Amino acid sequence: MKLNPIRILCVAIMLLVATAVGADRTMYIQSPSARLLNAPKMDASGPAIARGTAITQTGEEGLFFRVRTDSGTGYVPRLYASAFPPSQKVNFGTGIDKDTAVKARARASNYSQTVAARGISESQTLRTRSGLQDFDFDSIDWIEHVQISQAEMSAFTSGGIPK
Amino acid sequence: MSSQEKEAIQNELQVGRSLAARLAKKYGTVRDENLTKYLLFVSRSIATRSSRNELNLQVGVLATDEVNAFACPGGYIMVTRGLLLELQDESELAFVLAHEISHVAYQHSGQFQSGTGFVSFVSALFAGGGSVVNSAVRQSTGELEAQLLEKGRQRNFELDADRAGMVLISGLGYNPLSGTAYLRRLASMTGNQTFIKTHPPISDRITTMELFAVEQGLTTSQANVYQQRYTEYKTLLRNKPN
């Protein structure tokens, strides 16, 4: 039988893609009550895994990840693991690296100059063009400015409400 | 976290923020710092155990008597005044918030990518906290708004969020079946057309949740409901002028 090189190439590409898609990935435990379960069930038994521990996800079964850790293999609920360690927070408008921010500011400056040359204020232009009358960003700003401290959160989780 | 990953999250935050602003415009909002802080306590204690811990969850109260809650991308959760007045205790509140947080955790609104470029960053730099809605954001917001208010999400997404919500709240000591009590009352109420048309039948949800609790061994014994402290905040909301 004569082998078709194009078919061989297609199969090779498919195998490579399948391997990449199924590749193990590193995740981090988020929940302080996570355990390395011996079955994909919440009431299965298993040792505790500390928050922030790096684990390797090797598959999925329903609501659970199959994982590999230094202490063995098992399952954790998908909700208890993340691609990022617990401490890194990303707020709106922050977390942009310096180089990108510098380039963006340069572009913003050019845009502002163009708009100013046309005698239109920036906010006026943007509000008109973007139909901001359909949005209430003032309320979202207010929501975002309500803050809770770590001490208040600790008081809450121990059963009280801070006064 | 790579800069591409941060950029993808910024895109998600931008769309989610705009969708929340759209809901706020549509319904109005209740601005009470004590009540909002309380909702943050409950929701963030749930969210810190979830897979999207990189998001700083925000919660707002919509000034409508409809009973509903909405999860916007990026962790903007909007609950209605009608919902908060209908819930009986903090365990039920925790279930509702955990259900919405699960939609965010599982990215049921879609996965956001990096590389939308110029206008995303410009919007973050202008004064006013990013009150710019470019055409791409507007389109995404419109599609998601239709999903929240008209079409609903895929059925399996809602059932997954119910089960995930139960897992999250049981880990905090709340009653994992508190959502079924709330749904049973909702089934007998009228005037919740938005909720009815955007979610699977309530009976299906209750059955799925009860089976899940048995399969997973989620216990209700020694569960906390914190009824008294929930009632204090409910009274505060009830007495607040419109």
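What counts and what doesn't
- Residues numbered from 1 in each chain as written.
- Chains lettered and ligands numbered in written order.
- Predicted model: local features only at pLDDT ≥ 70, side-chain atom pairs only at ≥ 80, totals over all residues.
- Heavy atoms only, no water.
- Helix = DSSP H or I, 4+ residues; strand = E, 2+ residues; numbered from the N terminus.
- Rg over C-alpha atoms; globule rule 2.2 N^0.38 Å.
- Buried < 20%, exposed > 50% of the residue type's maximum accessible area, 1.4 Å probe, protein only.
- Contact = heavy atoms within 4.5 Å.
- Areas by Shrake-Rupley, 256 points an atom, 1.4 Å probe, with all protein chains shown as cover.
- Lys, Arg positive; Asp, Glu negative; His and termini not counted.
- Charge placed at Lys NZ, Arg CZ, Asp CG, Glu CD.
- Axes fitted to C-alpha atoms, helices over the stretch in contact; angles between N-to-C directions.
- Parallel < 35°, antiparallel > 145°, perpendicular 65-115°, else oblique.
- Left-handed = near helix turned anticlockwise from the far one by under 90°.
- Nonpolar A, V, L, I, M, F, W, Y, C, P; charged D, E, K, R; others polar.
- Pairing = 2+ DSSP bridges.
- 1 Å grid on protein atoms, 1.4 Å probe; cavity = no way out; pocket = protein on both sides within 12 Å on 5 of 7 lines; lining within 4 Å.
- Points joined across faces, edges and corners; volume = space filled by probe spheres on them.
- Phe/Tyr/Trp six-rings, centres within 6.5 Å; stacked < 30°, edge-to-face > 60°.
- Lys NZ or Arg CZ within 6 Å of the ring centre and 35° of its normal.
- pLDDT = per-residue confidence, 0-100.

*Asks:* Before we move on, can you summarise the overall build of chain B with the specific residues and values?
*Replies:* Scanning chain B from terminus to terminus reveals 11 helices and 4 strands. For 242 residues, the compact-globule estimate of 2.2 N^0.38 gives 18 Å, and chain B sits close to it at 18 Å. Taking the principal axes of its C-alpha atoms as reference, chain B extends roughly 55 × 45 × 30 Å. Across the 242 residues of chain B, 61% fall into the buried class. Once local pairs closer than 6 in sequence are excluded, the contacts in chain B between residues at least 24 apart make up 76%. Surface exposure of chain B reaches about 8900 Å², of which carbon and sulfur atoms provide 46%. Side chains of chain B give 24 positive and 23 negative charges; the mean places of these two sets differ by 5 Å.

*Asks:* Break down the packing of helix 4 (residues 90–105) of chain B against helix 7 (residues 155–170) of chain B for me, with residues and values.
*Replies:* Residues and elements named next belong to chain B. Running from amino to carboxyl end, helix 4 crosses helix 7 at an angle of 125°, the nearest separation of the two axes being 7 Å. Looking at the two axes, helix 4 sits oblique to helix 7. Judged by the sense of rotation from one axis to the other, the crossing of helix 4 with helix 7 is right-handed. Residue-level contacts link S91, A94, F95, A98, H99, S102 and H103 of helix 4 to F157, E158, A161, D162, A164, G165, M166, L168 and I169 of helix 7. Counted by class, the contact of helix 4 with helix 7 contains 9 nonpolar, 5 polar and 2 charged residues.

*Asks:* Could you give an account of the sheet that holds strand 2 (residues 54–61) of chain A, naming the residues involved and the relevant values?
*Replies:* Residue and element names in this part refer to chain A. As summarised here, the arrangement of the 5 strands in space is 4-3-2-1-5, forming an open sheet in which the pairing is antiparallel. Two strands close off the open sheet at either side, each with one partner strand: strand 4 (72–77) and strand 5 (81–82). Sheet topology note: the strand 2/strand 3 (residues 64–69) ladder contains 5 bridges and is antiparallel. Residue pairing across strands places G59 opposite R66, the latter belonging to strand 3.

*Asks:* Residues and numbers for the layout of surface pockets, please.
*Replies:* There is about 640 Å³ of room inside the largest pocket. Looking at the largest pocket, it is lined by 25 residues, and the ones nearest its centre are A:R25, A:A83, B:R52, B:Q107 and B:Q111. Within the residue set of the lining of the largest pocket, elements represented by two or more residues are strand 1 (25–29) and strand 5 of chain A together with helix 1 (3–27) of chain B. With 5 residues, the top contributor of residues to the lining of the largest pocket is helix 1 of chain B. In the lining of the largest pocket, the residues fall into 11 nonpolar, 7 polar and 7 charged.

*Asks:* A description of the packing of aromatic side chains should follow, citing residues and the corresponding values.
*Replies:* Under the counting rule described, the total for this entry stands at 7 aromatic pairs over all chains. Where B:Y27 meets B:F70, the ring centres are 6.3 Å apart and the plane angle is 20°; that geometry is what we call stacked. Placement of B:Y27 in helix 1 and of B:F70 in strand 3 (residues 69–72) is noted, with a sequence separation of 43 residues between them. Judged on exposure class, the residue B:Y27 and its partner B:F70 are both buried. By way of ring pairs, the aromatic residues A:F156, B:Y38, B:F41, B:Y230 and B:Y233 are connected into one cluster. A cation over an aromatic ring shows up here: B:K26 above the ring of B:Y27, its NZ or CZ 5.6 Å from the ring centre. Just above the ring of B:Y226 sits the side chain of B:R229; from NZ or CZ to the centre is 4.0 Å.

*Asks:* Can you explain the confidence of the model for chain A? Please cite residues and give values.
*Replies:* Overall, the prediction assigns chain A a mean pLDDT of 74, with 61% of residues at 70 or greater. Here residues 115–129 of chain A is modelled with pLDDT under 50, and outside its nearest four sequence neighbours on either side it reaches 15 contacts, counting other chains as well.

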